[in-house]
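One-letter residues, chain by chain:
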Amino acid sequence: MRKIPQTGLKGLKENWQSDVLAALSVSFVALPLALGIALASGVPPMAGIIAVVVGGVVTTFFRGSHLAINGPAAGLIAIIVSSLAAWGDDPQRLNYVLAAIVVSGLIQVVLGFLKLGKFAEFIHSSVINGIMAAIGIIIFSQQIHVAFIGKKSTVEKPIAQLVDFLTHLDNINPWVAIISISGLLIMIFQYRIGYNLFKFVPAPMWVLLISVPFAIAFGFVNQDSSVMNLFGKFAGDNLLVNVPTKIEDLLIFPDFSMIGTSTFWTSVTGITMIASIQSLAMGKAVDKIDPYRRKTNFDKDLVAVGLSSAVSGMLGGLPIITVIVRSTVNVQNNAKTKWSNLYHGIFMTILVMAIVLPPAPYKLPIPYAALAVILVFTGYKLASPKVFKQVLDQGIEQFIFFAGTLFITLYNGLLAGIFGGLLITAITHLLLARIPTQRFIQMVFNSGSLLVPKDGGGYELKIKGIANFLGAIKMNNLLSTIPKSADITIDFSEARLVDLSILEKVYEFQKLHSENGGRVNIQGLENHISSTSHKMGLKLLTTSAHRMTKREKSIKEIAEQMNWNYETEPIGQTKDYLPFYFFKSRAIEFKRNCIRNEQGEVSLEITDLTFEEGAYMAYREYTSTLGLIKLPFKIPKFTIERKEFLDKYLDFSAHKDIDYISYSGFSEEFTVRVEDVEATNNFFTSDFIEFLHQSDITHIESSGEAVLIFPTNFRPAHIHEYANIIHLMKEMESIIKKSS
């Protein structure tokens, strides 16, 4: 385990170089996103920049997170737009909404001081996913008009806006379409391009930079009609972002005169709920990708983002939350401490000066289309077919909660979506449990779940009744009382219904508790049924047994033929994989279909391992068949990757945090990093190198006590491949023994 970076001023002094470089990369993402989010929200573009600066400079000193980045988020666009619309054509409506942002921020501060951030746990994950997907559709349908036609739609509802766009394709503006299509291509293909410099500058910044020469060449700056009429039509007016000419023009101040109206407090309620829920959810997501496994103090974080939002609103800025895309960039670029958030705020201040201070002829011409297409891509990522599939994979029940929330949000707004989604979830649980309503409520809030010490040492957590999102806080309290490093059995045998919300907490606890040296055994789910094989699928108590798939039966037969052990159910005990650098910033979900040979001194294991990268827009989930060789002796630590594997599947920046030494002289086909060059020279024999050349291994890594092998490219192995994988692992075992 790597040394955890120090906190406070010691951490600043120790890690400033890593944090500054990460912050620079984050700033390249933050600038175009902040401008785009502000414009999509219907506020001046600099409102987004103010929120970024305040989110970096103010939030850092009060928050409870380590690697998160704070600023404005696309997820708040819909609530700001609806808040502005609620005031109609009132010329002061922006000032009223800024006042609502200030009050909302102060409420968050109070909630944080009262330690009420935990009540966000009541919001079901599928409901949150439905809200985020609805926001994605709202952003996409709104901004696709700006990206390809050059102006906003005249209709209001998201679905109607999409229909309006499709029925007016003849109005597509070729000039803005060229900029938007170029931007889309960059957003889609940038991570696949092999040049490291191109990858260091994130895609949104490239979109912005490339759009500037287009704007100049197309005559947007001087409205050059000779150029702009080339396609037979005038490109139109107001195609460039209106950048203020003075620093004082950046600031707009709130108006609290409407604080006594219901419209004002509806806005406050919506902003508070959406901002708090999203910030806490994103904070959890960032914790999952923190290579040092540090945990956020969410009550302290709520105080920090609330205070920052209040300051931002007072200056004319948007609300501030924890943002996942920029936080992911921060982690992937080797940030170590919270100070990277401060540096990114300082960099943004410098960028603002560079944009605002130059005289008019030298100002950067930023096309609206460039910012709009970034948001089109953002909206698509939030509501892509992949998101729908991921929810459906978790079970038809989760899809019902997700889809219901999505449609209510699209047609009735965000607050209705949250409460409507929770109501659908609760009613569905009641119907599935098949018990009277009064009994259902009793089994939720007075279930009898308890933690008891075991006679032989350790603890047993007995989960009873209805284990769903309404009991999430009680579950957190029970899990928090378990001592670190203790052995614990979590028994679901008396739970009538077990929902995704509880399973997420239990499996996350199992992973973290195992990292601290404890052992967690989850039992009692074998008599539950589910609509899916996904380990997070809703479980109902029954007497039916698990039905094995054709692939599972084949893997079991292979294990029996080899006299190996076989486990088919999802297994949360994955601590053997945690020491590997590959999983330092990738959260392991579970392993299943595990076959294991433990007859000799060396243990061989082949398993389907499911792990994640990022979250929400930056989220990717992989299931890959891996090989693990556990050794009774020490070997040098190293990582070896086939170069085409590195370029095609892995983000270049994701490997900056490997503090091994680059090893030359191995082979041009591989990228090799080692901890100790001298020790590795003796280990990398000619047999070892020849074996790697002849094999199909794409990634191999040593933790010093075990060897991790990727025999396939981020996918489960086919049955016919198992014989080759077993042969490969046995040959690898033999070579390691000779090399040692």
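Structure report, in brief. (Residues numbered from 1 in each chain as written. Predicted model: local features only at pLDDT ≥ 70, side-chain atom pairs only at ≥ 80, totals over all residues. Heavy atoms only, no water.)

Our focus in this paragraph is the overall build of the protein. If you tally the helices and strands in the protein, you get 26 helices and 17 strands. For the protein, the spread of C-alpha atoms along the three principal axes comes to 80 × 70 × 55 Å. For the protein, the proportion of its 740 residues judged to be buried stands at 58%. Look at the contacts in the protein between residues 6 or more apart in sequence, and 75% of them connect residues 24 or more apart. A total accessible area of about 30700 Å² is found for the protein, and carbon and sulfur atoms account for 59% of it. (Helix = DSSP H or I, 4+ residues; strand = E, 2+ residues; numbered from the N terminus. Buried < 20%, exposed > 50% of the residue type's maximum accessible area, 1.4 Å probe, protein only. Contact = heavy atoms within 4.5 Å. Areas by Shrake-Rupley, 256 points an atom, 1.4 Å probe, with all protein chains shown as cover.)

Further remarks concern the packing of helix H11 (residues 262-289) against helix H12 (residues 298-315). Closest axis-to-axis distance for the H11/H12 pair is 11 Å, and the angle between their directions is 130°. Put simply, H11 runs oblique to H12. Both H11 and H12 take part in a crossing whose hand is right-handed. Counted together, Ser 276, Ser 279, Leu 280, Gly 283, Lys 284 and Asp 287 of H11 and Phe 298, Leu 302 and Val 305 of H12 form the full contact between these two elements. Split into classes, the residues belonging to the contact of H11 with H12 amount to four nonpolar, three polar and two charged. (Axes fitted to C-alpha atoms, helices over the stretch in contact; angles between N-to-C directions. Parallel < 35°, antiparallel > 145°, perpendicular 65-115°, else oblique. Left-handed = near helix turned anticlockwise from the far one by under 90°. Nonpolar A, V, L, I, M, F, W, Y, C, P; charged D, E, K, R; others polar.)

In spatial order, the strands read E9-E10-E11-E12-E17-E16-E13-E15-E14; together these nine strands make up an open sheet with antiparallel pairing. Strands at the two margins of the open sheet, each flanked by one partner only, are strand E9 (565-567) and strand E14 (661-662). Alignment of E14 against strand E15 (residues 670-674), held across two bridges, turns out to be antiparallel. Each residue of the ladder has a partner; that of Ser 662, found in E15, is Arg 673. Across the face of the sheet, helix H22 (residues 550-562) comes into contact with E9, strand E10 (587-597), strand E11 (603-613) and strand E12 (620-630) while running at roughly 45° to E10. (Pairing = 2+ DSSP bridges.)

Okay, the nonpolar core next. Membership of the largest hydrophobic core comes to 113 residues, with the highest contact counts inside it found for Leu 31, Val 43, Ile 49, Ile 80, Phe 220, Leu 318 and Ile 418. Broken down by element, the residue count for this core peaks at 14 residues, all from helix H5 (residues 125-148). Non-local contacts of Leu 318, meaning those with residues more than four positions away in its chain, are made with Ile 37, Ala 38, Ser 41, Val 43, Ala 47, Gly 48, Ala 51, Pro 72, Ile 80, Ile 101 and Ser 312. Membership of the second largest hydrophobic core comes to 37 residues, among which are Phe 638, Phe 688, Leu 692 and Ile 725. (Core = buried A, V, L, I, M, F, W, Y, C linked by side-chain atoms within 4.5 Å.)

Across the two faces of strand E16 (residues 699-702) the burial is the same, with His 699 and Glu 701 and Ile 700 and Ser 702 all buried. In terms of strand pairing, E16 meets strand E17 (residues 706-710) through four bridges, oriented antiparallel. Across the sheet, the residue bridging to Glu 701 is Leu 708, located in E17. The hairpin formed by E16 and E17 contains three residues between the paired strands, and Gly 704 there has a positive phi angle of roughly 100°.

Applying the stated criterion to the full structure yields 22 aromatic pairs. Aromatic side chains Tyr 577 and Phe 583 sit 6.4 Å apart centroid to centroid with 85° between the ring planes, which places their arrangement in the edge-to-face category. With respect to class, Tyr 577 is no different from Phe 583; both count as buried. Here Phe 582 and Phe 710 contribute two aromatic rings whose centre-to-centre distance is 4.8 Å and whose plane-to-plane angle is 55°, an arrangement assigned as tilted. Residue Phe 582 is located in the loop between E9 and E10, and its partner Phe 710 is located in strand E17; the two are separated by 128 residues in the primary sequence. (Phe/Tyr/Trp six-rings, centres within 6.5 Å; stacked < 30°, edge-to-face > 60°.)

Here the focus is a nonpolar patch on the surface. A surface patch of nonpolar side chains, about 380 Å² in accessible area, is lined by Ile 159, Val 163, Phe 407 and Tyr 411. Among the secondary structure elements, those contributing two or more residues to the nonpolar patch are helix H6 (158-166) and helix H17 (396-412). Topologically, Ile 159 is positioned in helix H6. Overall, Ile 159 belongs to the partly exposed group, its relative accessible area being 32%. (Patch = residues over 30% accessible without salt bridge, like charges linked within 9 Å, V, L, I, M, F, W, Y side chains within 5 Å. Salt bridge = Lys/Arg side-chain N within 4 Å of Asp/Glu carboxyl O.)

Along the chain, the position of Glu 701 falls in strand E16. One polar contact links Glu 701 to His 699, side chain to side chain, over a distance of 3.1 Å. If we ignore the near neighbours within four places in the chain, the residues touching Glu 701 are Phe 580, Tyr 581, Phe 582, Phe 638, Thr 639, Ala 706, Val 707 and Leu 708. (Polar contact = N/O pair within 3.5 Å; in protein donor to acceptor, adjacent residues only side chain to side chain.)

With that out of the way, let us pick up the pattern of salt bridges. For the structure shown, the criterion picks out 13 salt bridges. Close ionic contact of Glu 605 with Arg 596 constitutes a salt bridge, the shortest N to O distance being 2.9 Å. Side by side, Glu 605 and Arg 596 carry an identical accessibility label, which is buried. Put simply, Glu 567, Lys 591, Arg 596 and Glu 605 are held in one network by salt bridges that share partners.

For E15, the tally of buried residues reaches five of five residues, placing the bulk of the element in the interior. With burial as the criterion, each face of E15 is covered, one bearing Phe 670, Val 672 and Val 674 and the other bearing Thr 671 and Arg 673. Note that strand E13 (residues 638-642) and E15 share five bridges and pair antiparallel. By the bridge assignment for E15, Thr 639 is matched with Arg 673.

Mapped onto the elements, Val 387 comes out in helix H16 (residues 385-393). With relative accessibility at 17%, the residue Val 387 sits in the buried group. Separated by 80 residues in the primary sequence, Val 387 and Ala 467 place their C-alpha atoms 25 Å from one another. Among residues more than four places away in sequence, those in contact with Val 387 are Lys 381, Leu 382 and Phe 402.

So, about H6. Listed in full, the buried residues belonging to H6 are Pro 158, Gln 161, Asp 164 and Phe 165. Summarising the axial view, the buried residues of H6 lie within an arc of 115°, below the 170-degree limit, and thus occupy one face. On the buried face of H6, the contacting elements are H5 and H17. (Arc of directions from axis to C-beta.)

Moving on: the environment of Phe 401. Relative to the elements of secondary structure, Phe 401 occurs in helix H17. The exposure class assigned to Phe 401 is buried, which follows from its relative accessible area of 0%. In this structure, the C-alpha to C-alpha distance between Phe 401 and His 124, residues 277 residues apart in sequence, is 8.9 Å. Ignoring sequence-local partners within four residues, the contact set of Phe 401 consists of His 124, Ser 126, Ile 424, Thr 425, Thr 428, His 429 and Asp 499.

Bringing the layout of surface pockets into the picture now. By volume, the second largest pocket is sized at about 950 Å³. If you trace the second largest pocket, you find 34 residues lining it, with Ala 78, Val 81, Ser 82, Ala 85 and Glu 156 closest to the centre. For the lining of the second largest pocket, the secondary-structure elements that each account for two or more residues are helix H3 (77-85), H5, H6, H11, H17 and helix H18 (414-433). At seven residues, H3 tops the list of elements feeding residues into the lining of the second largest pocket. Partitioning the lining of the second largest pocket into residue classes produces 15 nonpolar, 15 polar and four charged. (1 Å grid on protein atoms, 1.4 Å probe; cavity = no way out; pocket = protein on both sides within 12 Å on 5 of 7 lines; lining within 4 Å. Points joined across faces, edges and corners; volume = space filled by probe spheres on them.)

Attention shifts here to unusual backbone geometry. Positive phi values are uncommon outside glycine, yet Lys 115 reaches one of about 55°. Note on placement: Lys 115 falls in the loop between helix H4 (93-113) and H5. Even without a glycine there, the phi angle at Asn 593 is positive, about 50°. With respect to the secondary-structure elements, Asn 593 resides in strand E10. Residue Asn 593 is classed as buried on the basis of its relative accessible area, which comes to 4%.

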